[in-house]
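Observations on the model geometry
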Amino acid sequence: MTYTMAELKVFESWYEKAGVRSTPRRLTPQDQDILKSFFPKHIVPHLNHPLLEAQEAPLKRYVEAQHLYQWLNFTAEFEVSVVLRATQKIADNKSGLELSRRIRMDAFKICVDENYHALYSMDAVDQVEQRSGIKSLDYEFAPFLARLDGVADGHPQHRELVQLLQVVVFETLITALLNDVPKDKGVITLVRDIVRDHAIDEGRHHAYFAAFFKHLWGQLSSSERVLVARLLPDIIVQSLQPATRAARTALSQAGLSDQAVNTIIEDSYHRDAVMAGIVYASERTVALFQECGVLDVPGAREAFAKAGFPQALDA
Ligand SMILES: [Fe+2]
Ligand SMILES: [Fe+2]
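Remember, it's a predicted structure, so these values are computed and weren't measured experimentally.

With respect to the overall build of the protein chain
Each helix and strand in the protein chain was counted, giving 16 helices and 0 strands. Relative to the 2.2 N^0.38 estimate, which gives 20 Å for 315 residues, the radius of gyration of the protein chain is 20 Å and therefore close to what a compact globule would have. Residues classed as buried in the protein chain amount to 51% of the 315 residues present. A fraction of 81% describes how many contacts in the protein chain between residues 6 or more apart in sequence connect residues 24 or more apart. With an accessible surface of roughly 14700 Å², the protein chain has 52% of that area assigned to carbon and sulfur atoms. Where the 34 positive side-chain charges of the protein chain centre and where its 41 negative ones centre are 3 Å apart.

The structure is reproduced here in structure tokens:
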């Protein structure tokens, strides 16, 4: 059962427990640690492709490091450009919803957390670059953001509502990565440490945004509910698109031929496999929507099923 906003207590201990308040700056040890994996390979499809596996170790290491960099760069940009964009409005009482002062203060705490996550993601890029000698390729967040925001293109009057929904979706997803990385002793310590810190904060954020969605849904008109129910599947799908553009660039820069790059990307990110990953990652989010009655709105089940969420029809 999802808490209501009035019942939400997780931020009462924020001053003692938030990563930004209770953990030191995470540093790369100056020993052999940097020789470990940059990222758990098993959760990154293109890193396991036989065409890449057949390459020399330094080339594979380069591509793996670039995956870590793109993930850190993505995280840093996403926290600020998407999560903070909407959460700061909640904190400032500009979300269009009626919210208590405590709920707005909790949003402020989330803003502080997310800014800190962005900061240590960038700090990790710098530290790993310096210690490994592998430079991060330039990262471009704009195409991802354009696709994510593009969901609202036909509904300009609801742009800000869509921005709130983006955060609800992203903050309630199951990010297997946040649970897997800290346990993986084969991964460099700095990455394990920051992912562990991040996962603890995100546990609180998850509870907040689940309760927030319940509240938001309760304040929507019936026509807004129909619109939201139809936009949510697209928001989920766009939020979880794999970073194939960055993977392509990394593989090309590593020296693989265009043909090899195409084969690796096409084999690794086949549409059905990508969608299966999206369905898995959004199970909890879709369950939240179901609990709130989103799927009972006319046309909602069909919209979810059409977007590739077959479980919506069995619900
Ligand atoms: Fe975060
Ligand atoms: Fe968060």
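Having put the structure on the table, let's press on.
Here we look at the coordination of the iron ion (ligand 1)
Taken together, the protein ligands of the iron ion (ligand 1) are Glu-79 (OE), Glu-114 (OE), His-117 (ND1), His-198 (NE2) and Glu-202 (OE), with distances of 2.1 to 2.3 Å. Linear spacing of the donor residues for the iron ion (ligand 1) on their chain is E-x34-E-x2-H-x80-H-x3-E. Look at Glu-79 and you get buried, because its relative accessible area is 4%.

Remarks on the packing of helix α4 (residues 57-91) against helix α11 (residues 244-253)
Angle between the axes and distance between the axes: these two values describe a pair of packed helices. At their nearest, the axes of α4 and α11 sit 9 Å apart, and the two run at 150° to each other. Taken together, α4 and α11 sit at an angle that is classed as roughly antiparallel. As for how α4 packs across α11, the hand of that crossing is right-handed. On the side of α4, the interface is formed by Tyr-62, Val-63, Gln-66 and Gln-70, while α11 contributes Ala-246, Ala-250, Leu-251 and Gln-253. Along the lines of polarity and charge, the residues of the contact of α4 with α11 split into 5 nonpolar, 3 polar and no charged.

Some points on the side chain of Asp-123
Inspection of the secondary structure assignment puts Asp-123 in helix α5 (residues 101-132). What makes Asp-123 buried here is its relative accessible area of 17%. For Asp-123, the side chain forms a polar contact with the side chain of Arg-25, separated by 2.9 Å. Contact partners of Asp-123, with chain neighbours within four places excluded, come to Arg-25 and Arg-26.

Reading guide: rules and limits
Residues numbered from 1 in each chain as written. Chains lettered and ligands numbered in written order. Predicted model: local features only at pLDDT ≥ 70, side-chain atom pairs only at ≥ 80, totals over all residues. Heavy atoms only, no water. Helix = DSSP H or I, 4+ residues; strand = E, 2+ residues; numbered from the N terminus. Rg over C-alpha atoms; globule rule 2.2 N^0.38 Å. Buried < 20%, exposed > 50% of the residue type's maximum accessible area, 1.4 Å probe, protein only. Contact = heavy atoms within 4.5 Å. Areas by Shrake-Rupley, 256 points an atom, 1.4 Å probe, with all protein chains shown as cover. Lys, Arg positive; Asp, Glu negative; His and termini not counted. Charge placed at Lys NZ, Arg CZ, Asp CG, Glu CD. Donors = N, O, S within 2.8 Å, 3.2 Å for Na, K, Ca; no water. Axes fitted to C-alpha atoms, helices over the stretch in contact; angles between N-to-C directions. Parallel < 35°, antiparallel > 145°, perpendicular 65-115°, else oblique. Left-handed = near helix turned anticlockwise from the far one by under 90°. Nonpolar A, V, L, I, M, F, W, Y, C, P; charged D, E, K, R; others polar. Polar contact = N/O pair within 3.5 Å; in protein donor to acceptor, adjacent residues only side chain to side chain.

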